[in-house]
Structures are given as C-alpha cells and as structure tokens.
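# Observations on the model geometry
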Amino acid sequence: MTVKLPPLREVIARHGLSASKALGQNFLFDEQLLDRIAAIPGPLTGEHVYEVGPGPGGLTRALLRAGASVLAVERDRRCLPALAELSEAFPGQLRVIEGDALKIDPFAEIGAPFHIASNLPYNVGTALAVGWLGGDIWPPQWKSLTLMFQREVADRIVAAPASDAFGRLAILAQWRSKAAIAMPVHRSAFTPPPKVMSAVVHITPSAAPEGVKMSVLEKLTAAAFGKRRKMLRQSLKGVAGALEALEITGIAADRRPETVDINEWCALARCLS
Ligand code: SAM
C-alpha cells in the first residue's frame, strides 16, 4: 500500500518530540532501514504485531506499510498525536495504548498469536525480552521477536558456549528458541546517537526439550554464572541435588559454567526437574 506520509523529522519537529534520555529515546528516521527491520519477521500481511515504544512511529509505519495490524504501547504521551495521524493514514490497522509495556499483557489485548517487533528502550529492553523468553507457556503466544538491542546485549543473546559472552541470557534465548543477529545497526542511524552500537536480534521459538523445567534451569544457571570463575563443584554446592546430577550426566565437576553447552545444561536441569 502506498500512503504518503510526512518525513519523520518533520513529525518530530511539529509535535515537539525532543528525545528524553530517561525514556531511552533514540529515534530512527531512515525509512529504508526501517523497512528492512520490518521485513525481518517475514511477510506481515494480515499478521498481528506488538510494538513496544513506537515513539514518533518510524518502525510503526514500516510495519503498517508491510500490511501488519499493529498494537503499539507507548509510555510518552507526547507521541500520541503523531501516532494518531498514523492510525488515520492506515485505517483499522493501528491501535495505540498509552502505558508501561512492563505492565501489559499483549496476548490479552490481541487475543491471537502475534509477532513482536521493537526498537526497545534500553532501560527496559532486557527485562521485557527475559519475560517473553521465560514464559511458562510454550510454544509461546508470540511467533517471533525482532528486537533492537545494544550490540553487547545482542552478542550475549546469541553467544555460543566457551565465549566470554555466553551466560544466562544465551541459555534463556537458545534452550527452546533460535536466536540470531539479523542486522548490525550503526549508532549514527539514531537521533540522538547513543554511545554504543546496536543490533537487531531475531528469535523464533522451537520445541522445548522434554522434561526440563524453566525454573530449575534458571536456578542452576543463576548459581553457576553468579560465580562464573568457579568450578561447578563449588558454584553448584548450594543447589540441592546438583552435584549428584553432575555425576549422573557425566559432566565433570571441575568445569567452569561457560564451557557447559545448552544440551548439557538441559540434561542437568532434567535430572533435577
Ligand atoms: N520506535 C521508535 C523508533 O524506532 O524511532 C522509538 C524507539 S526509542 C529507542 C524507545 C521508545 O520506547 C520511546 O518512544 C520511549 O518513550 C518508549 N518507552 C520507554 N519506556 C517504555 C515503557 N516502559 N513502555 C512503553 N514504551 C516505553
């Protein structure tokens, strides 16, 4: 659909949307880049998309152009008039809720499976992603996550075992999902530019390994990576049954947590679940 929209810079100026650091506001204006991000989940015609933090609506308009029905949650009420203009330009495709994404259940609002796409506010981005990845219901109600993070966080999400970045976030993002960096994004693409580089991560759910409880996996990895430099026999001492589980699974107790791969973490958790 070709809808003529004013340039985003003009929208910002007309609505007086000076970027607020406290709200993690770093806006994207390059429409080609935004269309490329909106293409990451795959074809969106007729699909539901949940967007956190639309701000002036750069990614939102790219998602709407791609044919999605968008539910957007924005905390900054200054952005609402700009988003109302987008709703008018794409009738029936955009619903905006003013509020805090940490307190909203998108499934209750949408009532059907949906994709999540967001240039996340840095201050709440990791907490939101941990919530989406750590849910009790699996497969989850979301079909894919397309999320902008600081590059360092993106690297921790997709990290492989034995790398410095491998830890709890990688295990959470990979034990029952596939996670990959879809696109690095230079800091100069944002207004204002943040201090660090960014990357868009694409995550899709896969089958959960049988017999593994999320809460047990969490307990194990929290204990082990909380004492990252220690051997497992030391760091897992406080987790009931963990040392026996090491023996049963044949995982040497003198290993350090980052050398244990995701299948091995799952085997340990299965033993204790
Ligand atoms: N999507 C826009 C873009 O790409 O240009 C803006 C992205 S900006 C990095 C993050 C947005 O999230 C801001 O508009 C900010 O007001 C909003 N935000 C911050 N905290 C939020 C929260 N807890 N719930 C919902 N929106 C939030």
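Above this note sits the structure.
First, a word on scope: everything that follows refers to the structure included in this document.

### Remarks on the overall build of the protein
The helix and strand inventory of the protein stands at 12 helices and nine strands. If you line up the protein on its principal axes, its C-alpha atoms span 65 × 40 × 25 Å. By residue count, 47% of the 273 residues in the protein fall in the buried class. Counting contacts in the protein only where the partners sit at least 6 residues apart, residues at least 24 apart contribute 67% of the total. Taken as a whole, the protein presents about 12800 Å² of accessible surface, with 54% of it coming from carbon and sulfur. Put simply, the protein has 31 plus and 26 minus side-chain charges, and the middle of one group is 5 Å from the middle of the other.

### What about the site of the ligand?
By nearness alone, 20 residues border the ligand, and Leu28, Gly53, Glu74, Asp100 and Asn119 come closest of all. Between the ligand and the protein, one listed contact pairs an oxygen atom with a side-chain N or O atom of Glu74 at 2.6 Å. Backbone polar atom of Ala101 to a nitrogen atom of the ligand: 2.9 Å apart, as the coordinates give it.

### A word on the nonpolar core
If you look at the biggest cluster of nonpolar residues, it comprises 56 residues, and the most contacted ones within it are Tyr50, Trp132, Trp142, Phe149, Ile157, Leu220 and Trp265. No other element matches the six residues that helix α9 (residues 214–226) contributes to this core. For this core, the domains that each give at least three residues are domain 1 (8–205) and domain 2 (214–272). If near-sequence neighbours (up to four positions away) are discounted, Tyr50 is found in contact with Leu71, Val73, Ala101, Ile104, Pro106, Ile110, Phe114, His115, Ile116, Ala117 and Trp132.

### Quick look at the packing of helix α2 (residues 31–39) against helix α3 (residues 58–65)
As a packed pair, α2 and α3 sit with axes 8 Å apart at the nearest point and diverge in direction by 60 degrees. Classed by the angle they form, the pair α2 and α3 counts as oblique. For the pair α2 and α3, the sense of crossing is right-handed. Here α2 contributes Glu31, Leu34, Asp35, Ile37 and Ala38 to the contact with α3, which in turn contributes Gly58, Leu59, Arg61, Ala62, Leu63 and Arg65. Looking at the contact of α2 with α3, its residues break down into six nonpolar, one polar and four charged.

### Some words on the side chain of Asp76
Inspection of the secondary structure puts Asp76 in the loop between β3 (69–74) and α4 (80–89). Once you skip the residues sitting within four places of it in the chain, Asp76 turns out to touch Leu23 and Gln25.

### Side note on the packing of aromatic side chains
Geometrically, a pair of aromatic rings is defined through the distance of the ring centres and the angle of the planes. This model, assessed by the stated rule, comprises five aromatic pairs. Between the aromatic rings of Trp138 and Trp142, the centroid separation amounts to 5.7 Å while the plane-to-plane angle is 85 degrees, which identifies the pairing as edge-to-face. Note on accessibility: Trp138 and Trp142 belong to one class, buried. Measuring from centroid to centroid gives 6.2 Å for Phe166 and Phe225, while their planes differ by 70 degrees, and the two rings are edge-to-face.

### Observations concerning the packing of α9 against helix α12 (residues 262–272)
At a minimum axis distance of 9 Å, the contact between α9 and α12 shows a crossing angle of 120 degrees. With respect to α12, the axis of α9 lies oblique. Seen from above, α9 lies across α12 with right-handed handedness. Listed contacts from α12 to Val216, Leu217, Leu220, Thr221, Ala224 and Phe225 of α9 are Trp265, Cys266, Leu268, Ala269 and Leu272. Grouping the amino acids of the contact of α9 with α12 by side-chain chemistry returns 10 nonpolar, one polar and no charged.

Rules of the game
- Residues numbered from 1 in each chain as written.
- Predicted model: local features only at pLDDT ≥ 70, side-chain atom pairs only at ≥ 80, totals over all residues.
- Heavy atoms only, no water.
- Helix = DSSP H or I, 4+ residues; strand = E, 2+ residues; numbered from the N terminus.
- Buried < 20%, exposed > 50% of the residue type's maximum accessible area, 1.4 Å probe, protein only.
- Contact = heavy atoms within 4.5 Å.
- Areas by Shrake-Rupley, 256 points an atom, 1.4 Å probe, with all protein chains shown as cover.
- Lys, Arg positive; Asp, Glu negative; His and termini not counted.
- Charge placed at Lys NZ, Arg CZ, Asp CG, Glu CD.
- Near = heavy atom within 4 Å.
- Polar contact = N/O pair within 3.5 Å; in protein donor to acceptor, adjacent residues only side chain to side chain.
- Core = buried A, V, L, I, M, F, W, Y, C linked by side-chain atoms within 4.5 Å.
- Domains from an automatic or database assignment.
- Axes fitted to C-alpha atoms, helices over the stretch in contact; angles between N-to-C directions.
- Parallel < 35°, antiparallel > 145°, perpendicular 65-115°, else oblique.
- Left-handed = near helix turned anticlockwise from the far one by under 90°.
- Nonpolar A, V, L, I, M, F, W, Y, C, P; charged D, E, K, R; others polar.
- Phe/Tyr/Trp six-rings, centres within 6.5 Å; stacked < 30°, edge-to-face > 60°.

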